[in-house]
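Chain by chain, the residues:
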Amino acid sequence: QVQLLESGGGLVQPGGSLRLSCAASGFSLDYYVIGWFRQAPGKEREGISCISNRGRTTKYADSMKGRLAIIRDNAKNTVYLQMNNLKIEDTALYYCATSWGPDPGVCTLAPGRYDYWGQGTQVTVSS
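Note that this is a predicted model, so its numbers are computed, not measured.

**Examining the state of the cysteines**
Tallying each qualifying case throughout the model produces two disulfides. The partner cysteine of Cys-22 in its disulfide is Cys-96, sulfur to sulfur 2.1 Å. Judged by the torsion about the S-S bond (75°), the Cys-22/Cys-96 disulfide is right-handed. With a gap of 74 residues between them, Cys-22 in strand β3 (residues 18–25) and Cys-96 in strand β9 (residues 92–98) connect regions that are remote in the sequence. Summarising the burial analysis for this pair, Cys-22 and Cys-96 share the class buried. With its sulfur 1.8 Å from that of its partner, Cys-50 forms a disulfide with Cys-107. Note on the Cys-50 and Cys-107 pair: the S-S dihedral is about 95°, so by sign convention the disulfide is right-handed. A residue pair is termed long-range when its members are at least 10 positions apart, and Cys-50 in strand β5 (residues 46–51) and Cys-107 in the loop between β9 and β10 (116–117) qualify at 57 residues. Exposure remark for Cys-50: the relative accessible area of 0% places this residue in the buried category.

Structure (structure tokens):
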């Protein structure tokens, strides 16, 4: 079964850090882009980072640029998202996703370009 599983979310104080994981099963991530997205209540789903299949291209949303690092570990079939200096407005459900085509390795922050999604991991930033 093709599956993406996010983990690593939780409750963190403002200024704190979390490392999210996106673990793939049923397929090999080395052929596919991984994107990270978030959705807060009442807001649109926002692409915050992506990494191409070979890791040569990474992108970060302006809203979080400088506070994120996306790391691909194809040997572990996992992509990580390191989030630093978290703010209250970062509170959201965070998803990872992958694309099946037309070019499944290309990095994009557009949610519509992704075809398969995990169920999300909740990040809550609160004092």
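**Describing the packing of aromatic side chains**
Under the criterion given, the structure shown has seven aromatic pairs. On the numbers, 5.9 Å between centres and 25° between planes, the contact of Trp-100 with Tyr-116 is stacked. With Trp-100 in the loop between β9 and β10 and Tyr-116 in strand β10, this pair connects stretches of sequence that are 16 residues apart. Classification of Tyr-116 as partly exposed rests on a relative accessible area of 22%. Here the aromatic residues Phe-37, Tyr-95, Tyr-114 and Trp-117 are joined through ring pairs into a cluster of three or more. If you follow Arg-45 out to its NZ or CZ, it ends over the ring of Tyr-95, 4.1 Å from the centre. A cation sits over an aromatic face here: Arg-45 above Trp-117, 4.6 Å from the ring centre.

**So, the environment of Asp-62**
Of note, Asp-62 is situated in the loop between β6 (58–60) and β7 (68–73). Note on Asp-62: relative accessible area 73%, which makes it exposed. Along the backbone, Asp-62 and Glu-89 are 27 residues apart, and their C-alpha atoms lie at a distance of 14 Å.

**Notes on the sheet that holds β7**
Here we have four strands laid out as an open sheet, ordered β1-β3-β8-β7, and antiparallel in their pairing. Two strands close off the open sheet at either side, each with one partner strand: β1 (3–7) and β7. The mean angle between the axes of side-by-side strands here comes to 15°, regardless of whether they run parallel or antiparallel.

What counts, and where the lines are drawn
Residues numbered from 1 in each chain as written. Predicted model: local features only at pLDDT ≥ 70, side-chain atom pairs only at ≥ 80, totals over all residues. Heavy atoms only, no water. Disulfide = S-S within 2.5 Å. Helix = DSSP H or I, 4+ residues; strand = E, 2+ residues; numbered from the N terminus. Buried < 20%, exposed > 50% of the residue type's maximum accessible area, 1.4 Å probe, protein only. Phe/Tyr/Trp six-rings, centres within 6.5 Å; stacked < 30°, edge-to-face > 60°. Lys NZ or Arg CZ within 6 Å of the ring centre and 35° of its normal. Pairing = 2+ DSSP bridges. Axes fitted to C-alpha atoms, helices over the stretch in contact; angles between N-to-C directions.

So yeah, pure geometry; function would need other evidence.
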